[in-house]
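Summary of structural features
Residues per chain, in single letters:
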Amino acid sequence: MVESIYPSKDAHGIWVYLEHTGGRFEGVSLELLGRGRALADTTGENLTALLLSGDGSALAEEALGYGADEVLLAHHPALSVYTTLPSARVVADLIIHRRPNILLLGATVNGRDLAGRLAVRLLTGLTADCTDLLIDKESGLLSGEVTGFGQGILATIQCPDTRPQMATVRPGVFARPVFDPARCGRTEVIAVEIPEDDQHVQVLRQSSRRGVDITQAERLVIGGRGIQGDFALLRRLARALNADLGATRVAVDQGWIGHDRMVGQTGSVTRPKLALVCGASGAMQFTVGIQESETIVAINSDPEAPIFEVADYCIADDVFQVLPQLIEALDREMAGRKG
Amino acid sequence: MREPHSIVCLKVVPKSEEVTINSETRTLDRSKARSEINSPDMNALEAALTLKQRHGGRISLLSMGPPLFDQYLRLGLAMGADAAYLMSDRVFGGADTLATSYALAEGIRAIGEFSIIFCGDESSDGATGQVPPGIAEWLSVPQVTYASRVQVVNSGQVLRARRELGSGFEIIEAPLPCVVSVKQDINEPRFLDFQRYDWAMNEAEVTVWAASDLHLDESRLGLAGSPTIVAGVNVARSSERRREFLEGSPQEKADRLIEKIRPWLRVG
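A few points on the structure. (Residues numbered from 1 in each chain as written. Chains lettered and ligands numbered in written order. Predicted model: local features only at pLDDT ≥ 70, side-chain atom pairs only at ≥ 80, totals over all residues.)

Our focus in this paragraph is the environment of Leu274(A). Tracing the backbone through its elements, the reader meets Leu274(A) in strand 16 (residues 274-278). Discounting residues that sit within four places of it in the chain, Leu274(A) has contacts with Arg219(A), Glu294(A), Thr295(A), Ile261(B) and Trp264(B). (Helix = DSSP H or I, 4+ residues; strand = E, 2+ residues; numbered from the N terminus. Contact = placed C-beta atoms within 7 Å.)

Written out as structure tokens, the structure reads:
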């Protein structure tokens, strides 16, 4: 058995590691504050937000307004742009001294980068890429729900003996909490020392396409391999539907559209009212990203395609025949409404 | 500059499209699934081979699994790797990411000094991407995850990589030795080199290690070394869908669809 670095009876508090860029939180960080608040209310613990930044001007009040009881604010020039080792140093040292029960991070690129490092440093269990988080009624343990092989298998993972219980959560899984400006709490500025040895990795430059966030889309048009790169057609459809545009992994890997629009296991979990899926076969790794949709429409020339198993309305036909007709019909529909 | 030595971690996974779910036992049925090298791990190997072409040096392959997995390592040797190591022992089984990364890190230590550890960014069956950072922490070296371009600069002392972020990218430099995980499809893995094929398949030695060969701490391996437990397994709730097929000509289908989705259409 792996021994905990501190006893579970001494462990207290739910911590959320917050990511932010350009003075704004990542969506998943807000989602974690919302769910963390609910979990903390269940267990009767405090919700603590971890905020690392270059200059200390970061978002502490916002974190309190979104549900934290307490903000630990660490600032140091080496924390202004995320690299693994300075952040791992600060978070691990805080955990070892303050002994939280649970640590939650977003399953973003950098959230996963940090979580994997921390779990080994702290010799504890990490439930990665959760699609739900609950407190087990009997044991009081954090239960993370994860999917295996796309959506085929759901497993509940727990970390009974070691602390903190760590989990990363995929963006879009939890609802964003409402900001309450009247909420108050305490902010503690943490003195940070980062050894020279942790500062050898350098980010030379960053380029951000202002990322599109499809997790909040109400209507979503999604293209897969069958679109054969013709995303111009899908854009017209999306415009006619007043929808956002998403894509399967194949379409993104082909370079047809940006990575931020990827839906599925390695992309975003979406929950639109209407998802219109065009030319996607329906691999489990993809459908996990749309299964929470209210209504799913699938268009695919192969009547045996698995996508039809998970769709409400199925059109087994050539997308290049159907979509122009659909766009025309939608334009008529919208014009009719306006008139 | 010392001769560069890359170690590529390869995971053999069941082809995910061939894994089915037994609805009675609610377990994964891998019996009909063939295996393959995890796809991004092939891109990691290709990245290492490209560096070897440019800077010389050698490449070792490391994997974990039953002895018959040596055939997958031989494919890597035929592509251009120089040595292969397979960690094969029942005590490695049932490992979560903590125990897996510990075992692999110990395998790497046993292989010897390295300049770069190459991994795929995540595995198709686990897909959590937590093992590469774990290996880096056990070995106390820097990590560069989700790399889409990798080069060695500064007289072979620094790894420069492009990392793909959610909404953009960054260019990052890390001193060697380090661990890098590469994204799927960042390159086109090369074909087997037929001049190496016979050697790789028949003559080359794949070193097979049991836990005891490496004097590993068994309490850190497999199930015993895994702090997480699977508390329950279920077939995912399949939301009941209508699965209603719309018929007719393309135009009729489009018109029928509009009738169905009218509640979700909105002007504005």
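With that settled, consider the interface of chain A and chain B. Across the contact, 81 residues belong to chain A and 70 residues belong to chain B. Ranked by the residues each element gives to the side of chain A that touches chain B, the list is headed by helix 8 (residues 319-338) of chain A, at ten residues. Here the residues of the side of chain A that touches chain B sort into 35 nonpolar, 27 polar and 19 charged. Here two bridges tie strand 18 (residues 313-316) of chain A to strand 15 (residues 244-245) of chain B, and the two strands are oriented parallel to one another. Across the sheet, the residue bridging to Tyr313(A) is Glu244(B), located in strand 15 of chain B. (Nonpolar A, V, L, I, M, F, W, Y, C, P; charged D, E, K, R; others polar. Pairing = 2+ DSSP bridges.)

What follows covers helix 1 (residues 27-43) of chain A. Helical geometry note: an α-helix holds 3.6 residues per turn, so side chains three or four residues apart project in the same direction. Residues and elements named next belong to chain A. Taking 1.5 Å per residue as the helical rise, helix 1 with its 17 residues ought to reach 24 Å, and the 25 Å between its terminal C-alpha atoms agrees with that figure. Buried within helix 1 are the following residues: Gly27, Val28, Ser29, Leu30, Glu31, Leu32, Leu33, Arg35, Gly36, Leu39 and Ala40. Downstream of helix 1 by one or two residues, Gly44 has phi in the positive range, about 70°. (Expected span 1.5 Å × (residues − 1). Buried ≥ 20, exposed ≤ 12 C-beta atoms within 10 Å, placed from the backbone.)

Turning our eyes to something else, we now look at the sheet that holds strand 1 (residues 5-9) of chain B. What the ten strands build is an open sheet, ordered 13(A)-11(B)-10(B)-9(B)-12(B)-8(B)-1(B)-6(B)-7(B)-13(B); its pairing is mixed. With partners counted over all chains shown, the strands left at the sheet margins are strand 13 (202-207) of chain A together with strand 13 (206-209) of chain B, one partner each. Adjacent strand axes in the sheet meet at a mean angle of 30°, parallel and antiparallel pairs treated alike. Sheet topology note: the strand 1 of chain B/strand 6 (residues 58-64) of chain B ladder contains five bridges and is parallel. (Axes fitted to C-alpha atoms, helices over the stretch in contact; angles between N-to-C directions.)

Residues and elements named next belong to chain B. With their axes 8 Å apart at the nearest point, helix 3 (residues 97-111) and helix 4 (residues 131-139) run at an angle of 55° to one another. What the angle tells us is that helix 3 and helix 4 run oblique. Crossing of helix 3 against helix 4: the hand is right-handed. Contacts from Thr97, Leu98, Thr100, Ser101, Tyr102, Leu104, Ala105 and Ile108 in helix 3 reach Val131, Gly134, Ile135, Trp138 and Leu139 in helix 4. Residue composition of the contact of helix 3 with helix 4, by class: nine nonpolar, four polar and no charged. (Parallel < 35°, antiparallel > 145°, perpendicular 65-115°, else oblique. Left-handed = near helix turned anticlockwise from the far one by under 90°.)

What follows concerns the nonpolar core. Grouped together as the largest cluster of nonpolar side chains are 133 residues, with contacts concentrated most on Leu51(A), Ala63(A), Val8(B) and Val180(B). For Ala63(A), the residues in contact, after removing those within four places along its chain, are Leu18(A), Leu33(A), Ala49(A), Leu51(A), Ala68(A) and Val71(A). In this structure, Val221(A), Val297(A), Val310(A) and Leu326(A) belong to the second largest nonpolar core, which totals 53 residues. (Core = buried A, V, L, I, M, F, W, Y, C linked by C-beta atoms within 7 Å.)

Residues of strand 15 (residues 244-247) of chain A alternate between two faces, with Asp244(A) and Gly246(A) on one and Leu245(A) and Ala247(A) on the opposite face, all of them buried. Following the chain from strand 14 (residues 219-223) of chain A across helix 5 (residues 231-241) of chain A to the adjacent parallel strand 15 of chain A, one finds a crossover that is right-handed. (Right-handed = clockwise from strand over helix to strand, strands pointing away.)

A word on the packing of helix 2 (residues 70-79) of chain B against helix 5 (residues 194-203) of chain B. Residues and elements named next belong to chain B. The interhelical angle for the contact between helix 2 and helix 5, taken along N-to-C directions, is 150°, at an axis separation of 8 Å. Here helix 2 lies roughly antiparallel to helix 5, going by the angle between them. For the crossing formed where helix 2 meets helix 5, the hand is right-handed. Every residue of helix 5 that contacts helix 2 at Arg74, Leu77 and Ala78 is listed here: Arg196, Tyr197, Ala200 and Met201. Among the residues making up the contact of helix 2 with helix 5, the classes are represented as five nonpolar, no polar and two charged.

Note that the residue after Arg163(A), namely Pro164(A), is joined by a cis bond; omega there is 0°. Checked against the element boundaries, Pro164(A) lands in the loop between strand 10 (153-158) and strand 11 (165-169). The omega angle of the peptide bond from Leu176(B) to Pro177(B) is 0°, so this bond is cis rather than trans. Along the chain, Pro177(B) turns up in the loop between strand 11 (168-175) and strand 12 (178-182). Phi at Asp129(A) takes a positive value of approximately 60°, unusual for a residue other than glycine. Locating Asp129(A) in the fold gives a position in strand 7 (residues 126-130).

A separate point is helix 5 of chain A. Residues and elements named next belong to chain A. Listed in full, the buried residues belonging to helix 5 are Leu234, Leu237, Ala238, Ala240 and Leu241. Projected down its long axis, helix 5 carries its buried residues within an arc of 160°, all on one side. In the stretch just after helix 5, Asn242 is the one whose phi turns positive, near 55°. (Arc of directions from axis to C-beta.)

What follows deals with the sheet that holds strand 15 of chain A. Taking strand neighbours across the sheet as the criterion, the six strands line up as 15(A)-14(A)-16(A)-17(A)-18(A)-15(B) in an open arrangement whose pairing is parallel. For this open sheet the edge positions go to strand 15 of chain A together with strand 15 of chain B, each flanked by a neighbour on one side alone. In the packing of helix 5 of chain A onto the sheet, the strands contacted are strand 14, strand 15 and strand 16 of chain A, and the crossing angle to strand 14 of chain A comes to about 170°. Here helix 6 (residues 250-261) of chain B sits on the sheet in contact with strand 16, strand 17 (295-300) and strand 18 of chain A, set at roughly 170° to strand 18 of chain A.

The values are spatial; any link to function lies outside them.
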